[in-house]
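Take a look at the letters that make up each chain.
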Amino acid sequence: MNNGDKIFAMLSEILQQDFEIDAEDITRSANLYEDLDLDSIDAVDLVVKLREQTGKKIEPNDFKQVRTVQDVIDAVEKLMTADA
């Protein structure tokens, strides 16, 4: 299991537990806003949850261009490897 897979699993769990999104709706290509019905407040909550899980300071501005689940995975992976 590579980092992307681990991040996807963590993200999927957050989306299911905290945002009540069905597991089958969570795919790497799913659009956060159109497919998963997140809004801007949900996006901020997601950043907070990711910060708690990763222990990394995530700037909301870093997530402005994020649109899909894969975009979130890429952004988190970039943060994780930046300190490595």
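Being a predicted model, the structure only gives us computed values, none of them experimental.

J.: Sorry if this is basic, but what is going on with the side chain of Asn-31 here?
T.: Along the chain, the position of Asn-31 falls in the loop between α1 (3-19) and α2 (40-54). A relative accessible area of 14% places Asn-31 in the buried class. Residues contacting Asn-31, with those up to four places away along its chain left out, are Leu-36, Arg-67 and Thr-68.

J.: How should I be thinking about α1 in this particular structure?
T.: Along its 17 residues, α1 runs 23 Å from first to last C-alpha, staying within 8% of the 24 Å computed at 1.5 Å per residue. Burial in α1 covers these residues: Gly-4, Ile-7, Phe-8, Met-10, Leu-11, Ser-12, Ile-14, Leu-15 and Phe-19. Buried residues belonging to α1 abut α2 and α3 (69-82). Where α1 ends, the next residue or the one after it, Glu-20, has phi of about 55°, a positive value.

J.: Help me understand the packing of α1 against α3, please; the structure alone is not making it clear to me.
T.: To characterise two packed helices, one gives the angle between the axes of the helices and the distance between these axes. Following both chains from N to C, one finds α1 and α3 inclined at 120°, their axes separated by 9 Å at the closest point. With respect to their mutual orientation, α1 and α3 come out oblique. When you trace α1 past α3, the crossing you get is right-handed. Between α1 and α3, the residues in contact are Asn-3, Gly-4, Ile-7, Phe-8 and Leu-11 and Val-69, Val-72, Ile-73, Val-76 and Glu-77, respectively. Classifying every residue of the contact of α1 with α3 by side-chain character gives seven nonpolar, two polar and one charged.

J.: Mind showing me how you'd approach a negative patch on the surface here?
T.: There is a patch of like negative charges on the surface, built from Asp-22, Glu-24, Asp-25, Glu-34, Asp-35 and Asp-37. Note on placement: Asp-22 falls in the loop between α1 and α2. When its relative accessible area of 44% is taken as the criterion, Asp-22 is described as partly exposed.

J.: I'm lost on the packing of α1 against α2 in this one. Help?
T.: Where α1 contacts α2, the two axes come as close as 11 Å, and the packing angle between them is 130°. Taken together, the axis directions place α1 and α2 in an arrangement best described as oblique. Crossing of α1 against α2: the hand is right-handed. Residue-level contacts link Met-10, Leu-11, Ile-14, Leu-15, Asp-18 and Phe-19 of α1 to Asp-42, Asp-45, Leu-46, Lys-49, Leu-50, Gln-53 and Thr-54 of α2.

About the criteria used
Residues numbered from 1 in each chain as written. Predicted model: local features only at pLDDT ≥ 70, side-chain atom pairs only at ≥ 80, totals over all residues. Heavy atoms only, no water. Helix = DSSP H or I, 4+ residues; strand = E, 2+ residues; numbered from the N terminus. Buried < 20%, exposed > 50% of the residue type's maximum accessible area, 1.4 Å probe, protein only. Contact = heavy atoms within 4.5 Å. Expected span 1.5 Å × (residues − 1). Axes fitted to C-alpha atoms, helices over the stretch in contact; angles between N-to-C directions. Parallel < 35°, antiparallel > 145°, perpendicular 65-115°, else oblique. Left-handed = near helix turned anticlockwise from the far one by under 90°. Nonpolar A, V, L, I, M, F, W, Y, C, P; charged D, E, K, R; others polar. Patch = residues over 30% accessible without salt bridge, like charges linked within 9 Å, V, L, I, M, F, W, Y side chains within 5 Å. Areas by Shrake-Rupley, 256 points an atom, 1.4 Å probe, with all protein chains shown as cover. Salt bridge = Lys/Arg side-chain N within 4 Å of Asp/Glu carboxyl O. Lys, Arg positive; Asp, Glu negative; His and termini not counted. Charge placed at Lys NZ, Arg CZ, Asp CG, Glu CD.

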